[in-house]
Structure formats: structure tokens, C-alpha cells
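Coordinate analysis (summary)
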Amino acid sequence: MINVTCAIIFVDKKILVTQRGEDMKLPLKWEFPGGKVEENENEIECIKREIKEEINIEIDVFRRLSNSIYDYGTFKINLIPFLANYISGGIILAEHKDFKLLDKSELLDLDWAEADLPIVEEFLKLEL
Ligand SMILES: Nc1nc2c([nH]c(=O)n2[C@H]2C[C@H](O)[C@@H](COP(=O)(O)OP(=O)(O)OP(=O)(O)O)O2)c(=O)[nH]1
């Protein structure tokens, strides 16, 4: 099983979501940006590093949500979600095909990576 962190990032009142590329695993699926936890780092270090590498911004992580374990058949992931606020930097996509800044009410319209669905549902129930 691979441990993957992801971040639900607030940019003002909007939520940043990213679309995977055509040549990636889970092509064109929408996700919360993040990536695999490396051996020498903790989960918070991982999510900050991945967000800087993938979208070029700095974030302040303030809460963790429930992890989502999902078996895609060819691989199984433990997806660890964090809530974060945008701090600084301009969004530049290193790997993703696209991004959107959405209202909470628009999140369910996307074609999500399957592992993200329980996370989206938990997030929508939060009073923030
Ligand atoms: N970053 C991220 N990955 C997700 C989410 N949901 C989900 O199923 N995944 C999957 C897609 C990838 O297989 C894996 C994340 O690892 P990664 O971002 O390093 O994936 P990758 O395809 O670039 O890497 P690789 O496996 O091809 O080496 O977790 C999500 O919300 N965010």
C-alpha cells in the first residue's frame, strides 16, 4: 500500500482542485494535489513539499481529515487528506493538466479519483 498525502487548499473562499494528466495513472481524474510520502519525512513535510513541487505555492496546514484506503486493483493507496490555507506563490502546474478554484457546492460535479470521494464527502459535511 502506498501512503499519499493530499491537501484541500483554501484560496480565499475557494477550493483548489487539480486534474491529472493524460499520461499519468488515473488519467484526467480530478484530485486534491499531493503525492507519495518519502522515507525521510513526516506527512506534514510531505504535503508541503508536494504542493511546492507540483503547484509552486506555500500552504499553512491546519487540520487533518480521515484517511481513505482504496484498492485500484493494480495498486492500493492510503490517502491522507489535510486542510490548508494558501499563503504565497503563484500557481504554476508542474505535472497537472488543469486546475480550478471552486465553491464547495461545485465539488461533486467533478470526475474524481475514486479514493477521493469519501474525503470530498467528509469535507462537505464540515462546518468551516
Ligand atoms: N496526489 C494525489 N494522488 C491521488 C489522489 N487520489 C488518488 O487516488 N491518488 C493516487 C494517484 C497516484 O497513483 C498516487 C499519488 O502518487 P503521485 O501523485 O506521486 O502519482 P504519480 O502518478 O505521479 O506517480 P507514479 O505512481 O506514476 O510514480 O495516488 C489525490 O487526491 N491526490
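Going along each chain's sequence as written, the residues are numbered from 1 onward. Per-residue local features are limited, in this predicted model, to residues with pLDDT of at least 70; the limit for side-chain atom pairs, both in listing and counting, is 80 or more; totals at the level of whole chains, interfaces and linings are taken over all residues. To get the side-chain values, take all heavy atoms of the structure and skip hydrogens and water.

An unreviewed UniProt entry lists the protein chain under the name 8-oxo-dGTP diphosphatase, with Flavobacterium palustre as the source organism. UniProt positions are given in the numbering used here, feature names are shortened, and annotations may be inferred rather than shown by experiment. The Sequence similarities (unreviewed entry) field of the UniProt record for the protein chain holds the comment "Belongs to the Nudix hydrolase family." The heading Cofactor (unreviewed entry) in the UniProt record of the protein chain holds the text "Mg(2+)".

1. Topic: the side chain of Asn78
As for its placement among the helices and strands, Asn78 is situated in strand 7 (residues 76–88). Whether a residue is buried, partly exposed or exposed follows from its accessible area with a 1.4 Å probe, protein chains only, as a fraction of its type maximum: under 20%, in between, or over 50%, in that order. Of the residues examined, Asn78 reaches a relative accessible area of 11% and is grouped as buried. Note on contacts: a residue pair qualifies if any of its non-hydrogen atoms lie within 4.5 Å across the two residues. The residues touching Asn78, leaving out its near neighbours within four places in the chain, are Met1, Ile2, Asn3, Val4, Asn67, Ser68 and Ile69. Secondary structure counts use DSSP, requiring at least four H or I residues in a row for a helix and at least two E residues in a row for a strand, with both numbered from the N terminus.

2. Side note on the pattern of salt bridges
One side-chain nitrogen of Lys or Arg within 4 Å of one carboxyl oxygen of Asp or Glu is enough to make a salt bridge. Considering all chains together, one arrives at ten salt bridges under this definition. A salt bridge links Arg20 to Glu31, with the shortest nitrogen-to-oxygen separation between them at 2.8 Å. Of this pair, Arg20 sits in the loop between strand 2 (14–19) and strand 3 (30–31) while Glu31 sits in strand 3, placing them eleven residues apart in sequence. Given a relative accessible area of 15%, Arg20 falls into the buried group. Lys52 is the salt-bridge partner of Glu58, the closest N and O atoms lying 2.8 Å from each other. With relative accessibility at 29%, the residue Glu58 sits in the partly exposed group.

3. So, unusual backbone geometry
Phi angles above zero are rare outside glycine, and Leu26 is one such case at about 50°. Note that Leu26 resides in the loop between strand 2 and strand 3. The phi torsion at Asn56 lies on the positive side, around 70°, for a residue other than glycine. Position of Asn56 relative to the elements: it lies in the loop between helix 1 (43–55) and strand 5 (58–64). Residue Asn56 is classed as partly exposed on the basis of its relative accessible area, which comes to 24%.

4. Describing the packing of aromatic side chains
Aromatic rings from Phe, Tyr and Trp, taking only the six-membered ring of Trp, are treated as a pair when their centres fall within 6.5 Å; an angle between ring planes under 30 degrees marks them as stacked, one over 60 as edge-to-face, and anything in between as tilted. Tallied over the entire structure, the rule returns five aromatic pairs. Geometry around Phe75 places Lys25 over its ring, the cationic atom sitting 4.7 Å from the centre. Against the face of Phe123 rests Lys104, its NZ or CZ located 5.0 Å from the ring centre. By the criterion adopted, a ring carries a charge over it if an Arg CZ or a Lys NZ lies within 6 Å of its centre and within 35 degrees of its normal.

5. Remarks on the nonpolar core
Think of a nonpolar core as a cluster: buried Ala, Val, Leu, Ile, Met, Phe, Trp, Tyr and Cys residues, connected wherever their side-chain atoms sit within 4.5 Å. Within the largest apolar cluster, 22 residues are counted, with the highest numbers of intra-cluster contacts made by Ile8, Ile15, Val17, Phe32, Leu107, Trp112 and Phe123. Those elements that place two or more of their residues in this core are strand 1 (2–11), strand 2, strand 7 and helix 2 (117–125). Top element by residues in this core is strand 1. It accounts for four residues. Residues within four places of Phe123 in sequence aside, it is in contact with Ile8, Phe10, Ile15, Leu65, Leu83, Lys104, Leu107 and Leu128. One finds Val11, Ile51, Val61 and Phe82 within the second-largest nonpolar core, a separate group that totals 13 residues.

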